[in-house]
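Structural overview
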Amino acid sequence: MCVALAGTVVAADQTKDPERAERRAMARETLARLDRVQPSARAVVEPAAGYAAFSNFGMKLGLAGGGGGKGLAVNNRTRQETFMKMGEVQAGLGLGIKEFRLVWVFETAEALDQFWTSGWELGGQGTAGAKVGETGGALQGALAVAPGVWLYQLTDNGLALELTAKGTKYFRDGDLN
């Protein structure tokens, strides 16, 4: 019976492998896109405690909107991966559909740990153009979300200069972790 249960767990885990591989590929492509549009960002991402890359889709029809996304958070020191999801709810007049990518950068292990154990909620909006110490140029185009947490938003046209994130929740993907 133990052998049968172990076989079931292994089989279930193998069915998750293609989606995990897809998320890893998306994260690599998102980082490559960020490197193309903002080469100095590498100086922020590589020495950071970790990062998370997301592929997101959102739409707004009339007075309501929403969206979702999938991502991968990585601890740069241990290489531990945590598969994540994102959900968003918006209110206000609008019409449109957009696809975008996000790269979160966590300067500290504590901020990264909070992101993947407790999730993250965003409300309000921010604008780009931060400058901090010696890495100020590298952070151009990034939004300061919290102390030691930076966010790059990539669109088809490059870096977005403004991010509106009303009612956005980031959380662990219970199916893949």
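Residue positions are given per chain, counted from 1 along the sequence in the order it is written. Selection of residues for local features in this predicted model requires a pLDDT of at least 70, selection of side-chain atom pairs for listing and counting requires 80 or more, and totals for whole chains, interfaces and linings are taken over all residues. Only heavy atoms go into the side-chain values, all of them from the structure, while hydrogens and water stay out.

Some words on the pattern of salt bridges
Keep this limit in mind: Should a side-chain nitrogen of Lys or Arg be within 4 Å of a carboxyl oxygen of Asp or Glu, the pair is scored as a salt bridge. Strands are runs of DSSP state E lasting at least two residues, helices are runs of H or I lasting at least four, and both sets are numbered from the N terminus onward. Buried residues are those whose accessible area, probed at 1.4 Å on protein chains only, stays under 20% of the maximum for their type, while exposed residues exceed 50% and partly exposed ones sit between those limits.
Enumeration according to the criterion identifies eight salt bridges in this entry. The residue Arg-23 makes a salt bridge to Glu-19 at a minimum N-O spacing of 3.2 Å. In this pair, Arg-23 and Glu-19 both sit in helix 1 (residues 2-37), four residues apart, roughly one turn of the helix. For Arg-23, a relative accessible area of 3% gives the class buried. We note a salt bridge from Glu-46 to Arg-42, for which the minimum N-O separation is 3.9 Å. By relative accessible area, which is 53% here, Glu-46 ends up exposed. The class of Arg-42 is partly exposed, set by a relative accessible area of 43%. Taken together, the shared-partner salt bridges in this structure form one network comprising Glu-19, Arg-23, Lys-70 and Asp-173.

Some points on the environment of Gly-141
Here Gly-141 is to be found in the loop between strand 4 (125-127) and strand 5 (143-146). Residue classification places Gly-141 among the buried residues on the basis of a relative accessible area of 6%. Each C-alpha atom of the pair Gly-141 and Ala-41 lies 8.8 Å from the other, and the pair is 100 residues apart in sequence.

Quick word on the side chain of Asn-76
Worth spelling out the cut-off: We call two N or O atoms a polar contact when they sit within 3.5 Å, provided that within protein one can donate a hydrogen and the other can accept it, with sequence-adjacent residues counted only if both atoms are side-chain atoms. Here a residue-residue contact requires only that any non-hydrogen atoms of the pair lie within 4.5 Å.
Of note, Asn-76 is situated in the loop between strand 1 (50-75) and strand 2 (81-106). A distance of 2.9 Å separates a polar atom in the side chain of Asn-76 from the backbone oxygen of Val-45. The residues contacting Asn-76, other than those within four sequence positions of it, are Val-45, Glu-46, Ala-48, Ala-49, Gly-50 and Tyr-51.

Remarks on the packing of aromatic side chains
Just so we agree on the cut-off: Pairing of aromatic side chains requires ring centres within 6.5 Å, counting the rings of Phe and Tyr and the six-membered ring of Trp. Pairs whose planes differ by under 30 degrees are stacked, by over 60 edge-to-face, and all others tilted. Put simply, a charge is over a ring when the Lys NZ or the Arg CZ is close to the ring centre, within 6 Å, and near the line of the ring normal, within 35 degrees.
Going through the model one piece at a time under the given rule, you end up with seven aromatic pairs. Pairing Trp-104 with Tyr-170 gives two aromatic rings, centres 4.9 Å apart and planes at 80 degrees, and the pair type is edge-to-face. With Trp-104 in strand 2 and Tyr-170 in strand 9 (residues 168-172), this residue pair connects regions lying 66 residues apart in the sequence. Residues Trp-104 and Tyr-170 agree in their burial class; the two are buried. Here the aromatic residues Phe-54, Trp-104, Phe-106, Phe-115 and Tyr-170 are joined through ring pairs into a cluster of three or more. The lysine or arginine in question, Lys-98, covers the ring of Phe-100, its NZ or CZ lying 4.8 Å from the ring centre.

Observations regarding the side chain of Thr-168
The residue Thr-168 is located in strand 9 in this model. You can call Thr-168 buried: its relative accessible area is 2%. Among the polar contacts listed, one links the side chain of Thr-168 to the side chain of Glu-88, at a separation of 3.3 Å.

Describing the layout of surface pockets
Inclusion rule: Cavities and pockets were defined on a 1 Å grid built over protein atoms only: a cavity is a set of grid points that admits a 1.4 Å probe from which the probe cannot escape, a pocket is an open set flanked by protein on both sides within 12 Å along at least five of seven lines, and lining residues are those with an atom within 4 Å of any such point. Grid points are joined across faces, edges and corners, and a volume is the space filled by probe spheres set on the points. Only Asp, Glu, Lys and Arg are considered charged in this grouping, and only Ala, Val, Leu, Ile, Met, Phe, Trp, Tyr, Cys and Pro are considered nonpolar; every other residue, Gly among them, is considered polar.
Its volume calculated, the largest pocket comes out at about 180 Å³. Lining the largest pocket are Gly-58, Met-59, Lys-60, Gly-66, Glu-88, Gln-90, Leu-93, Gly-94, Leu-95, Gly-96, Ile-97 and Lys-98. Broken down by secondary-structure element, the contributors of at least two residues to the lining of the largest pocket are strand 1 and strand 2. Taken together, the residues of the lining of the largest pocket break down into four nonpolar, five polar and three charged.

Some thoughts on the confidence of the model for the chain
The cut-off we apply is this: Every residue carries a pLDDT, the predictor's confidence in it, which falls somewhere between 0 and 100.
Mean pLDDT for the chain: 80, with 76% of residues reaching 70 or above. Considering each helix and strand of the chain separately, the mean pLDDT is smallest for strand 4, with a value of 42, and largest for helix 2 (residues 42-45), with 94. Counted against residues more than four places away or in other chains, residues 1-11, with its pLDDT under 50, gives zero contacts. The model gives residues 125-138 a pLDDT under 50, and that stretch makes 32 contacts with residues more than four places away or in other chains.

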